[in-house]
Amino acid sequence: MFICFEGIDGSGKSTHLNYFIQKLKLKYANSISTREPGGTSTGEQLRVLLLHHDLSVESQIMLAFASRQIHIQQVIQPALDDNKWVISDRFVDSTYAYQGYGKKGNIDFIDNLHKIVCNSLYPDLTILFDIDPIVACQRRQNREISVLDNFEKKSLDFHQDVRNGYLKIAKHNQAQGHKYIIINADDSIENIQKQLDEIIFNILGSQN
Ligand code: TMP
């Protein structure tokens, strides 16, 4: 089972992923968490280039896919082959949302790289943490981190485009029969955790 968490910066998805993996491991020990860009030592080096260097959108797309291919080959596919649950903080939809919808990169280029470089691997379930970029921006400003990456520094309009992109991607994938759950990331932590508990319960139940 391959599950991805997606959302704009400041949506809280990484915190919720930590909760999800801890709860999941109590019921299904055979689970790992990982992230993109990154997830491997080479991928983490590519992450620094993508997040902290001034690059064209095409270079960003190619770096994201270089990191992704290594991630699939070294971590994701071996774990799936071993019947593990893989929970990834971001995957290909981040490239569609940020480089495609946010930076207006060529969607066909992303589609082609996804086919050629990733053999069209797509999550069994995606959980999108949806939030108004104004609220997300306030959350980011309240964080103690002083070094923002290239995407966190971008304008509200950019994050609005990324959010709208994610909502389009979700709709498109739901129409294609993919499991794509949208969670209101502005809801209380308790309510969000309850929804995550239900997701784990439902998937584990349906596997028995
Ligand atoms: P994170 O801090 O949530 O891991 O996000 C890393 C940043 O990288 C986030 O701003 C989104 C960006 N990103 C892309 O622009 N393209 C991609 O393909 C991926 C995976 C992430």
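Check the entry above for the structure.
Residues numbered from 1 in each chain as written. Predicted model: local features only at pLDDT ≥ 70, side-chain atom pairs only at ≥ 80, totals over all residues. Heavy atoms only, no water.

A. Region of interest: the pairing of strand β4 (residues 125-130). Along β4, six of the six residues are buried, which leaves the element largely enclosed by surrounding structure. The alternating pattern of β4 places L125, I127 and F129 on one face and T126, L128 and D130 on the opposite face, and all of these are buried. Here strand β1 (residues 2-7) pairs with β4 via five bridges, running parallel. Paired with F5 across the two strands is I127, which belongs to β4. In this structure, β4 lies alongside strand β5 (residues 179-184), joined through six bridges in parallel fashion. When the bridges of β5 are listed, I127 appears paired with I181. (Buried < 20%, exposed > 50% of the residue type's maximum accessible area, 1.4 Å probe, protein only. Helix = DSSP H or I, 4+ residues; strand = E, 2+ residues; numbered from the N terminus. Pairing = 2+ DSSP bridges.)

B. Highlighting the sheet that holds β4. Taken together, five strands build an open sheet; the order of strands is β2-β3-β1-β4-β5 and the sheet is parallel. Two strands close off the open sheet at either side, each with one partner strand: β2 (31-35) and β5. On average, each strand axis in the sheet is inclined to that of its neighbour by 20°, with strand direction left out of account. Of the strands in this sheet, β1, β2, β3 (85-89) and β4 are in contact with helix α1 (residues 13-27), which crosses β3 at around 165°. (Axes fitted to C-alpha atoms, helices over the stretch in contact; angles between N-to-C directions. Contact = heavy atoms within 4.5 Å.)

C. Highlighting the pattern of salt bridges. Applying the stated criterion to the full structure yields nine salt bridges. For D9, the salt bridge goes to R90, with nearest N and O atoms at 4.0 Å. Here the residue D9 occupies a position in the loop between β1 and α1, and R90 occupies one in the loop between β3 and α4 (92-102), the gap between them amounting to 81 residues. Taken individually, D9 and R90 each receive the classification buried, so the pair is uniform in this respect. Across the pair K104 and D161 runs a salt bridge, and its minimum N-O distance is 2.9 Å. Taken together, the positions of K104 in the loop between α4 and α5 (107-118) and D161 in helix α7 (residues 156-175) put the pair 57 residues apart, joining distant regions of the chain. The class for K104 is exposed, based on a relative accessible area of 58%. Connected via shared salt-bridge partners are E6, D9 and R90. (Salt bridge = Lys/Arg side-chain N within 4 Å of Asp/Glu carboxyl O.)

D. Representation of the nonpolar core in the model. Grouped together as the largest cluster of nonpolar side chains are 54 residues, with contacts concentrated most on I3, F5, F20, I87, I127 and L196. No other element matches helix α3 (residues 57-81), which puts eight residues into this core. Every residue in contact with F20, bar those within four places of it in the chain, is listed here: I3, F5, I87, I127, L196, I199 and I200. (Core = buried A, V, L, I, M, F, W, Y, C linked by side-chain atoms within 4.5 Å.)

E. Representation of the packing of aromatic side chains. Within the structure shown, the criterion is met by eight aromatic pairs. Ring centres 5.0 Å apart and planes at 80° place the aromatic pair F2 and F91 in the edge-to-face group. Residue F2 is found in strand β1, and its partner F91 is found in the loop between β3 and α4; the two are separated by 89 residues along the sequence. F91 shares its class with F2; the two are buried. (Phe/Tyr/Trp six-rings, centres within 6.5 Å; stacked < 30°, edge-to-face > 60°.)

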